[in-house]
Every structure is written in structure tokens, then in C-alpha cells.
Amino acid sequence: MECNRDNANRIIDEYISSLGDSLRHLNQSIHNNPELAYQEHHAHATICTFLEEHTTISVTRNAYGLATAFETVSGSGGKCISFNAEYDALPGIGHACGHNLIATAGVTGFLALSYLIERLGIPGRAQLLGTPAEEDGGGKIDLLKAGAYNKADVSLMIHPTSDQPLREHGITGVAGQTSISCFDLICTYEGASAHASANPWDGINALDAIVCAYNNISMLRQQIKPEERIHGAIMEAPKITNAIPEKTVTKYTVRSPTMKDTIALGERVRACLQAGALATGCQLQIEETPLYADLRVNEPLCDELAKCMAEQGEKVQAVHDDSIPGSTDQGNVSYALPGLHANIGIPVSSGAFPHTRDFCTAAGEAAAHGVILKAAKAMAMTGWGLLTDDSLYGRVKDAFDQDCKLR
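Residues numbered from 1 in each chain as written. Predicted model: local features only at pLDDT ≥ 70, side-chain atom pairs only at ≥ 80, totals over all residues. Heavy atoms only, no water.

Visitor: What is the right way to read the environment of Pro34 from this model?
Guide: Along the chain, Pro34 falls in the loop between α2 (22–31) and α3 (41–54). The spacing of Pro34 and Ile93 is 59 residues in sequence and 8.8 Å in space, taken between C-alpha atoms. Non-local contacts of Pro34, meaning those with residues more than four positions away in its chain, are made with Ala89, Gly94 and His95. (Helix = DSSP H or I, 4+ residues; strand = E, 2+ residues; numbered from the N terminus. Contact = heavy atoms within 4.5 Å.)

Visitor: Explanation requested: the packing of helix α12 (residues 366–388) against helix α13 (residues 390–406) in the structure shown.
Guide: Packed helix pairs are specified by the crossing angle of their axes together with the interaxial distance, meaning the distance between the axes. At a minimum axis distance of 5 Å, the contact between α12 and α13 shows a crossing angle of 100 degrees. Taken together, the axes of α12 and α13 lie roughly perpendicular to each other. Across the interface between the two elements, Gly385, Leu386 and Thr388 of α12 pack against Asp390, Leu392, Tyr393 and Val396 of α13. For the contact of α12 with α13, the residue count by class is 4 nonpolar, 2 polar and 1 charged. (Axes fitted to C-alpha atoms, helices over the stretch in contact; angles between N-to-C directions. Parallel < 35°, antiparallel > 145°, perpendicular 65-115°, else oblique. Nonpolar A, V, L, I, M, F, W, Y, C, P; charged D, E, K, R; others polar.)

Visitor: So what exactly am I meant to see when it comes to helix α9 (residues 299–310) here?
Guide: The terminal C-alpha atoms of α9 lie 16 Å apart, and with 12 residues this matches the ideal 16 Å at 1.5 Å per residue to within 8%. Listed in full, the buried residues belonging to α9 are Pro300, Leu301, Cys302, Glu304, Leu305, Ala306, Cys308 and Met309. (Expected span 1.5 Å × (residues − 1). Buried < 20%, exposed > 50% of the residue type's maximum accessible area, 1.4 Å probe, protein only.)

Visitor: Please clarify how unusual backbone geometry should be interpreted in this entry.
Guide: As a rule of thumb, non-glycine residues mostly have phi less than zero, and peptide bonds are mostly trans rather than cis. The backbone of Tyr38 sits at a positive phi, close to 65 degrees, despite the residue not being glycine. Residue placement: Tyr38 occurs in the loop between α2 and α3.

Visitor: Please clarify how the sheet that holds strand β6 (residues 158–162) should be interpreted in this entry.
Guide: Pairing between the strands of a sheet comes from backbone hydrogen bonds, and it takes one of two forms, parallel or antiparallel. Strand order in this open sheet of 4 strands is β6-β13-β7-β12, and the pairing throughout is mixed. Of all the strands in the sheet, just β6 and β12 (316–319) have a single pairing partner and so form its edges. Averaged over neighbouring strand pairs, the angle between their axes works out to 25 degrees when direction is ignored. Across the face of the sheet, helix α4 (residues 99–120) comes into contact with β6 and β13 (342–346) while running at roughly 140 degrees to β6. Relative to the sheet, α9 contacts β7 (173–176), β12 and β13, its axis offset from that of β12 by approximately 170 degrees. (Pairing = 2+ DSSP bridges.)

Visitor: Quick question: what am I supposed to make of the environment of Ile102 here?
Guide: Following the sequence through the fold, Ile102 ends up in helix α4. Note: C-alpha distance between Ile102 and His159 (57 residues apart in sequence) is 5.9 Å. The contact partners of Ile102, leaving out residues within four places of it in the chain, are Asn84, Ala85, Glu86, Met157, Ile158, His159 and Pro160.

Visitor: I would appreciate a short explanation of the nonpolar core in the present structure.
Guide: As a rule of thumb, nonpolar side chains are buried together in soluble globular proteins. Ranked by internal contacts, the top residues of the largest apolar core, which has 69 residues, are Ile47, Leu51, Phe70, Phe83 and Leu113. With sequence-adjacent residues up to four places away left out, Ile47 is seen in contact with Leu26, Ile30, Phe70, Tyr87, Ala103 and Val107. Counting residues in each nonpolar core, the second largest holds 22 residues, with Phe183, Leu185, Ile217 and Tyr252 among its members. (Core = buried A, V, L, I, M, F, W, Y, C linked by side-chain atoms within 4.5 Å.)

Visitor: Mind showing me how you'd approach the pairing of β13 here?
Guide: The side chains of a regular strand alternate, first on one face of the sheet and then on the other. Where burial is concerned, most of β13 is hidden: 5 out of the 5 residues are buried. Because side chains alternate across β13, one face comprises the buried residues Ala342, Ile344 and Ile346, and the other comprises Asn343 and Gly345, equally buried. The sheet contact formed by β6 and β13 spans 5 bridges and is parallel. The residue bridging Ser162 from the neighbouring strand is Ile346, located in β13. In this sheet, β13 lies alongside β7 in antiparallel orientation, the contact comprising 2 bridges. Paired with Gly173 across the strands is Ile344, a residue of β13.

Visitor: Whenever I open this one, the side chain of Ser162 confuses me. Can you help?
Guide: The residue Ser162 is located in strand β6 in this model. Accessibility expressed as a relative area gives 0% for Ser162, which makes it buried. A polar atom in the side chain of Ser162 sits 3.5 Å from the backbone nitrogen of Gln164. If we skip the residues at most four places from it in the chain, Ser162 touches Gly345, Ile346, Val348, Gly351, Ala352 and Phe359. (Polar contact = N/O pair within 3.5 Å; in protein donor to acceptor, adjacent residues only side chain to side chain.)

See the structure below:
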């Protein structure tokens, strides 16, 4: 059969249709059983079983030393197109970021491209990675360190968002948009207890240390850039008043537009935390979470995804100049290889954004599932283009190489 665009589109349409309601059931199973970072055992098992039931491609469970990661690879030779499947949820509000939809899109896109490779005899491979802990911990960072992306030439994924603000601008999504970089500092102050009335001078006050650090950081906020953020919480505080507090814990998230700037801002925050210990005489321990890098936008890749969505009647803007106000570990992947993190609008009756209860409800509805299947097909067709059109891949690779020089 001739390997042209019309045939590829038709074959993918027929294949996704042949999966029937099974994709919807997969989506609902993940949505109805939300699990936190690194604890996504139901989602991991459900997706792996689904893949084993619908293909002859082997699936590696508990991949790369992570209990809830998996990998499957189809095809042979040529370039490798990687798809991400996220599936962790948020504490208390479930799949309010729509990771059930991200997983469904990743699985569907991978299966459709794999079928196309086999049906048309296309040289090339498709990879699907189950990537846990995007909300907290950075599963993709773990996978990068373990070499999971070493075989991949391009990484593809989509993320749902509310369609209301997009439709106000006449679009239904944005293929390319930078995100901001971030990481957390978890600070523990250890002092010494003493009776707060009888002999307070024998105590070393860990509550004073945390208050000092809070005030220091509040003053620091006056001298940071408008696009930077520092936000924190007291994680452990004293529960009684008649003893000098001997231990407190605070956590701060540091955000800036680029990984380089986030590291620099983090050092300033660290100094504020250290000052709290210095002023009070407390012992100090600071832990850092993995740094989420900013998303690097690859314009040729975004153009191709927008083109594939247009073929399905959806107007997706290729690149948006404003940054996503959040962070993602796909940013780290985009530093290692050309990456896509497209934002696709789903219907949300209240217009609520992700990380809300209304968005969680919308992410489980049939309308959102229908939108996400279009995005999955667009990713599969983008993968087909990269495997069959050397000039397209060349532009994607050149854009990545040029971006590397700007970082």
C-alpha cells in the first residue's frame, strides 16, 4: 500500500475506531481510581494489561527501576518516536490535572503509529513510556537518568486544559508554549527544648528560626523579577506553648522562567533559610527536590502538530509567546531531545482551570475523551511525518540544535 498522507490518515482513523469503547473504559478506569506520585499501581497494571490484550508487542513493567513505570517499543530500525503516558493524580482532588487523558492520548498515539509502521512497512520505531510522578517527584527526570529516552529521537505528549479561554481567541489548543522552571527546598530546623517559663534561656527556638526565614523570604520577594515566584508552607510546627519549640519544617517552591534563573533564585532563598538558623543557633538541614526545567519549544514540531489537528477541523495555534504559569518534568525531556507538550482544550462547564474539582469532573466526561482521541491521532500523524519525511525531521533537529546554543 502506498505510504502517502491520505492513506496514513485513513488507516489511523480505522484503527482507532476498531478499538471501540476499550479506550474509553481505560480512560475511566484511571480517572475513577486516582493515585498519587510513585503509587500509581492500578494505572500501571491497567495500562500494561490493556497493551498486552490489544497488541503482540511486549511490555516491560516496573521499568528502569521504577515500580510504576513501564515501556514498550514497536518497529525496527530508523528513528524512534516516543510517547509519554502520565497517570498520577493530585491529593484530595483526584485527576484534576487530567492525567487520565494524557495517558489515554499517549497509549492511543503509540498504538496508532505502531499499527501504521507495521501495516505500511515503515522503517522506524515507536516507544511508549509510562511516566509516573509528574505532579510531585519528577518521574521523567528519573527516567532520563536511567536512560529511558536514549533510544528516542523525539518525545511527544499532550496536556488538557480548559477550552473556554482558548475559544475566546478562536482556537482549541496551543502546540508550543514554554513553561517555568521550579524546584522545592525543604528546610528542617532543630533546636533544643526547655521549659518556656522556668528556663527559656536554655532552649534554642526552632519556631523563631522558621519565622525569621519567612520574614527574610518575604523581604526577598520585593527584589525578584515580576515573572518569578517563591511560595511556601510550614510543614511541621510546635503544638504546645509551654516548651521552647525544638523542631520545625518549612517548604518553599522556587520558580523562574529558565532553569538557570531558577538555580540562581534558589541560592538566594537558601541564604534566607540559612540566616534563620544563624540568627537562632538552630541546626539546619536543607533538602532539594529535582529541578523541573523550563519547556523548550520546537517550532517545526509544533507546526506539524497544528497541521495534523487542522486536518481534523481543530484550529490549534502553533506557538504562543506567553509561558504556561506551571511547571512540568517534560521540560527536562525537552532539554535532552526535541519535545512536544501541546495544550489541548476540553469542555469545562464552569471554565475552571486544571487543579480544581470542576476540571477533575470534566476530565472524566465523554466530551473530553472525544477531544483527546483527536489529539492522539494528531500525535500519531506527527510521528508518521517524522518517520517518513527526512526534511521535517531535519528541521526539527536543526531547531533543537539551535536552541541548545541559546540556553
